[in-house]
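Below, each chain spelled out in residue letters.
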Amino acid sequence: MIIVECLRFGCEKQLDNEEEKFCGEACEKRYQRNLDFFIQTYEMTPDQMSQYLQQNQISVAEISRRRGVAPVSVWGTFKKVGIRVYRPEAIPHVTHKCENCQKPFTRPRWDHDARYCKKSCQAEATRTLHISDLDFRSSDLFFIAPKEELGSYGHLNLRTRHMTQLLRKRVDHYFFMNGICNENTAYVYGVMATDGNIRCQPEKGYASMRLRLTDLDIIEKIAGLIQYKNKIMYVVPNNPKHNPHYTIDATSQCLVNDLGALGCMPGKTGRIYYPLVRPELERHLIRGIIDGDGSWITSENKRKSLKLELSIVGNDQFLWGVYKRIFEHLGIKPQSIHYAIEYDKKSKLPNIAYITYNKTDAMRIREWVYEGATIYGQRKRDIAYSARYQKEEISSTILKHYLDVSKEYIHRGINVFKLPHKRSGNRFVFNESDVEAWVQHLKKELSSSDPKSGPKLKNLNALKKRWLDEDEQFNVYRLWNMSDSKELL
C-alpha cells in the first residue's frame, strides 16, 4: 500500500486517493500562495530552480549571500515549494596521530597543522620546562650502550692479591657480568649511578666500589644482592650539617670493570649517561635512581590533604635520559628543570640540575615504579604513599568505573539498599570507607545463590571473575588513580 501525504509543507495528513495532492482546499490555497510568491521572487518555477542549483552547484548559503537574506529564510521558502537543493560534498577528513597520547583522530584535509586530538593533549605536550620546552643545556644528549669490556677481564692487571680477593669471595665480583639483565641489577645500578663512588688507580692495580646511604635497609638489601660479606660501617661525619650514613666498600677490579663498561666510572657525577636497557627494566632502574638521588616531597594543602612532588638530581644528560624514558612509558613531562649554578654560586659543576614532577604526574610515576617491585627503600616508599589526591570526595562516576557497573546500579544501591553516601548539592559523593562498603555489597550480591536477588548486569561473568574468582580486595590507590583519566584531571 502506497501512503500519500499532503503536498503542502508542514501538513502531515495522509490521503486515501493516490491521485489527490492536498487534503483540503485550505492546504491547496496556501500552497498556491507560496508558489506564486516563489515565482514572483525568483522568476522561475521550482523545477527550473532545482535544475539551476544542481547544474551550477550553488548552495543555499550562496543564494542567501547573493540576495542578502538569512539562510534560514531561503531554506524556508525552498521547503514550502519542494525544491531539491544542492548539497556540497562533505569536506574530506584525514586521520592523524596525536603527538601526546598517540591516539588516532580525524581533522579536515586542509588542517595541515593538526598535531593533538584535544586541547588537554596540546596543553600537556607544550608545557614548558624552564625557558623552552626542553631546556637541557648540554648538547650531548644520548643513551650509552655497554662497552666491549663488559664481562671481559683479560685486560685487567690482576696480581696475586687480586686473585686472593677473587678466591675469598667477600663480594660477588661478577654481579654485573651480564650487564643490566634483571630487576636486581637494574635497581643496584640505579643506586650506584647516583650515590655510588668508584675509585680506580690502574698503575697500582687498585679498584673499589663504595656506596653511602642514610637508609640502612637499602644498604642491607644491596649488600645481600652482591653477596657483600664485610662489615657495614656506620659513619658520623665531623661536619654537623651532614647526616650520619651507612657505607659498604668492596675492592674488586672485575666489579669496577663491569660498572665502568655500563657507564658508571670514576668522576661520574658530571659525565655519566643514562644506559640502554630493556623497556621492562626501565622502572626498576628509575626506582633505584629515585632511592639514590631522588626525593618524594609531600606538602599539606588547605584541606589538610597531602599532595606529592618528585624531584630527581643529577647532571643534565643523565636527567634527560630519565625524562625520555618516563615520557615514553607514561607520556609525562617534568614541570620544571633548574640548574644548581643558578641558586648556588659555589657549585663547581655547571651541568648539575634537578627535575620536578608535581601533583598527579608524581603519583602516576609512583604507581609505575613500585608496582610489583621486590626491592626498594622503605622510607621513601612510605613518604610516596602517604600523599593523597587533593580532591577527597569520590563522585558516582568514579565509583561506577571502579566497580565496573552501570549508573542505574549506583542509584539502586542508594535508593533501595541505602548504601553509605552523602550529598554535595545535587551530586552523590562517597569517601573511601563508603566505597569499601559498596565493594562488600557487590560481592555479596554476586555470590547470592538466588538468581532473582542477584544484580541484573550485562557483564555479570566478568564481575564474578574479578570480585569472586580472583577475590580482588578494595584498593584505595587504584581508586584514586582511576580518577586520572576520569574526573579529577
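Thresholds applied
- Residues numbered from 1 in each chain as written.
- Predicted model: local features only at pLDDT ≥ 70, side-chain atom pairs only at ≥ 80, totals over all residues.
- Heavy atoms only, no water.
- Helix = DSSP H or I, 4+ residues; strand = E, 2+ residues; numbered from the N terminus.
- Buried < 20%, exposed > 50% of the residue type's maximum accessible area, 1.4 Å probe, protein only.
- Contact = heavy atoms within 4.5 Å.
- Core = buried A, V, L, I, M, F, W, Y, C linked by side-chain atoms within 4.5 Å.
- Phe/Tyr/Trp six-rings, centres within 6.5 Å; stacked < 30°, edge-to-face > 60°.
- Lys NZ or Arg CZ within 6 Å of the ring centre and 35° of its normal.
- Lys, Arg positive; Asp, Glu negative; His and termini not counted.
- Salt bridge = Lys/Arg side-chain N within 4 Å of Asp/Glu carboxyl O.
- Polar contact = N/O pair within 3.5 Å; in protein donor to acceptor, adjacent residues only side chain to side chain.
- Pairing = 2+ DSSP bridges.
- Axes fitted to C-alpha atoms, helices over the stretch in contact; angles between N-to-C directions.
- Expected span 1.5 Å × (residues − 1).
- Parallel < 35°, antiparallel > 145°, perpendicular 65-115°, else oblique.
- Left-handed = near helix turned anticlockwise from the far one by under 90°.
- Nonpolar A, V, L, I, M, F, W, Y, C, P; charged D, E, K, R; others polar.
- pLDDT = per-residue confidence, 0-100.

Asks: Please clarify how the overall build of the protein should be interpreted in this entry.
Replies: Helix and strand counts for the protein stand at 19 helices and 15 strands. When the 489 residues of the protein are sorted by exposure, 43% land in the buried category. In the protein, once contacts between residues fewer than 6 apart in sequence are set aside, the share between residues at least 24 apart is 63%.

Asks: Help me understand the nonpolar core, please; the structure alone is not making it clear to me.
Replies: As a rule of thumb, soluble globular proteins bury nonpolar side chains together. Ranked by size, the top nonpolar core spans 67 residues in total, and within it Y189, I222, W296, I326, Y357 and I365 carry the most contacts. Each residue touching I326, except ones within four places of it in the same chain, is listed here: I286, G331, I332, Y357, I365 and W368. Listed in part, the 20 residues of the second largest apolar core include V405, V435, L446 and L463.

Asks: Even after reading the chapter, I still don't get the packing of aromatic side chains, so can you show me in this structure?
Replies: To describe a pair of aromatic rings, you give the distance between the ring centres and the angle between the ring planes. Taken as a whole and assessed by the stated rule, the structure comprises 15 aromatic pairs. Judged by centre distance (6.0 Å) and plane angle (75 degrees), the ring pair of F38 and F78 falls under edge-to-face. Highlighted residues: F38 in helix α1 (residues 25–42) and F78 in helix α4 (residues 71–81), separated in sequence by 40 residues. Of the two residues, F38 and F78, neither departs from the other in class, the shared state being buried. Seen from their ring centres, F430 and W438 are 5.7 Å apart, and the 85 degrees between their planes marks the pair as edge-to-face. According to the relative accessible area criterion, F430 is buried, its value standing at 1%. Residue class for W438 comes out buried when judged on its relative accessible area of 0%. Grouping aromatic residues by their ring pairs yields a cluster made of F143, Y274, F318 and W320. The positively charged end of R325 is found above the aromatic ring belonging to F143, 3.9 Å away from the centroid. When the ring centre of F327 is taken as reference, the NZ or CZ atom of K333 above it lies at 5.6 Å.

Asks: What is the right way to read the side chain of K268 from this model?
Replies: Relative to the helices and strands, K268 resides in the loop between α9 (253–262) and α10 (282–293). The side chain of K268 is buried and forms no salt bridge, while D293, the nearest opposite charge, is found at 6.2 Å. A polar contact of 3.2 Å, which involves the side chain of K268, links it to the backbone oxygen of G196. Sequence-distant contacts of K268, defined by excluding residues within four places in its chain, comprise M192, A193, T194, G196 and N315.

Asks: Would you mind going over the sheet that holds strand β7 (residues 233–235) with me for this structure?
Replies: Across a sheet, paired strands are connected by hydrogen bonds in the backbone, their directions being either parallel or antiparallel. Strands sit in the order β5-β6-β8-β7 across an open sheet of four strands; the sheet is antiparallel. The open sheet has two free edges, formed respectively by β5 (196–201) and β7, since each of these has just one partner strand. Pairs of neighbouring strands in the sheet enclose a mean axial angle of 25 degrees, with direction left out of account. Across six bridges, strand β6 (residues 206–213) lies against strand β8 (residues 245–251) in antiparallel orientation. Paired with S208 across the two strands is T251, which belongs to β8. In the packing of helix α7 (residues 183–195) onto the sheet, the strands contacted are β5 and β6, and the crossing angle to β6 comes to about 95 degrees.

Asks: Got a minute to help me understand the sheet that holds strand β13 (residues 394–395) in this structure?
Replies: Strand order in the open sheet formed by three strands is β13-β15-β14, with antiparallel pairing between adjacent strands. Unpaired on one side and paired on the other, β13 and β14 (422–424) mark the two borders of the sheet. In this structure, β13 lies alongside strand β15 (residues 427–430), joined through two bridges in antiparallel fashion. Each residue of the ladder has a partner; that of S395, found in β15, is V429.

Asks: Would you take a moment to explain unusual backbone geometry for this structure?
Replies: For residues other than glycine, phi is negative in most cases, and the peptide bonds are mostly trans. A positive phi angle, near 60 degrees, is found at E43, a position not held by glycine. Mapped onto the secondary structure, E43 falls in the loop between α1 and α2 (46–56).

Asks: Teacher, can you tell me more about the pairing of β15 here?
Replies: Side chains on a regular strand alternate between the two faces of the sheet. Summarising the sheet, β14 and β15 pair through three bridges and their orientation is antiparallel. Considered in β15, the bridge of K422 is made with V429. Linking two consecutive strands that pair antiparallel, namely β14 and β15, is a turn of two residues; a positive phi of about 70 degrees is found at G425 within it.

Asks: So what exactly am I meant to see when it comes to helix α13 (residues 359–370) here?
Replies: Spanning 12 residues, α13 covers 17 Å between terminal C-alpha atoms, matching the ideal 16 Å at 1.5 Å per step. Counting buried positions along α13 yields 10 of 12 residues, so the element is predominantly enclosed. For α13, the complete set of buried residues consists of T360, D361, A362, M363, I365, R366, E367, W368, V369 and Y370. Just past α13, the residue G372 takes up positive phi, approximately 70 degrees.

Asks: What exactly am I supposed to notice about the packing of α7 against helix α8 (residues 216–225) here?
Replies: A pair of packed helices can be characterised by two numbers: the angle between their axes and the separation between those axes. Contact pair α7 / α8: the axes reach a minimum separation of 11 Å and the direction vectors enclose 130 degrees. When the interaxial angle is binned, α7 and α8 end up oblique. Relative to α8, α7 is oriented so that their crossing is left-handed. Along its contact with α7, which presents N184, Y187, V188 and V191, the element α8 presents I218, I222 and L225. For the contact of α7 with α8, the residue count by class is six nonpolar, one polar and no charged.

Asks: Help me understand the confidence of the model for the protein, please; the structure alone is not making it clear to me.
Replies: The predicted coordinates of low-pLDDT regions are not to be read in fine detail. Per-residue pLDDT for the protein averages 80, and the proportion of residues at 70 or more is 81%. Scored below 50 in pLDDT, residues 128–134 makes 18 contacts in the model with residues more than four places away or belonging to other chains. Counting contacts from residues 483–489, a segment whose pLDDT is below 50, to residues more than four positions away or on other chains yields 19 contacts.

Asks: Teacher, can you tell me more about the pattern of salt bridges here?
Replies: Pairing between side chains becomes possible if they bear opposite charge and their charged atoms approach one another. Evaluation of the coordinates by the stated rule reveals 12 salt bridges. For E183, the salt bridge identified is with R287, shortest N-O distance 3.0 Å. Placement of the pair is E183 in helix α7 and R287 in helix α10, with a sequence separation of 104 residues. R287 carries the same exposure label as E183, and that label is buried. Residues R210 and D249 are paired through a salt bridge, measuring 3.0 Å at the closest nitrogen-oxygen approach. Within this pair, whereas R210 is found in strand β6, its partner D249 is found in strand β8, the two being separated by 39 residues in sequence. Connected through shared salt-bridge partners, E62, R65 and R66 make up one network.

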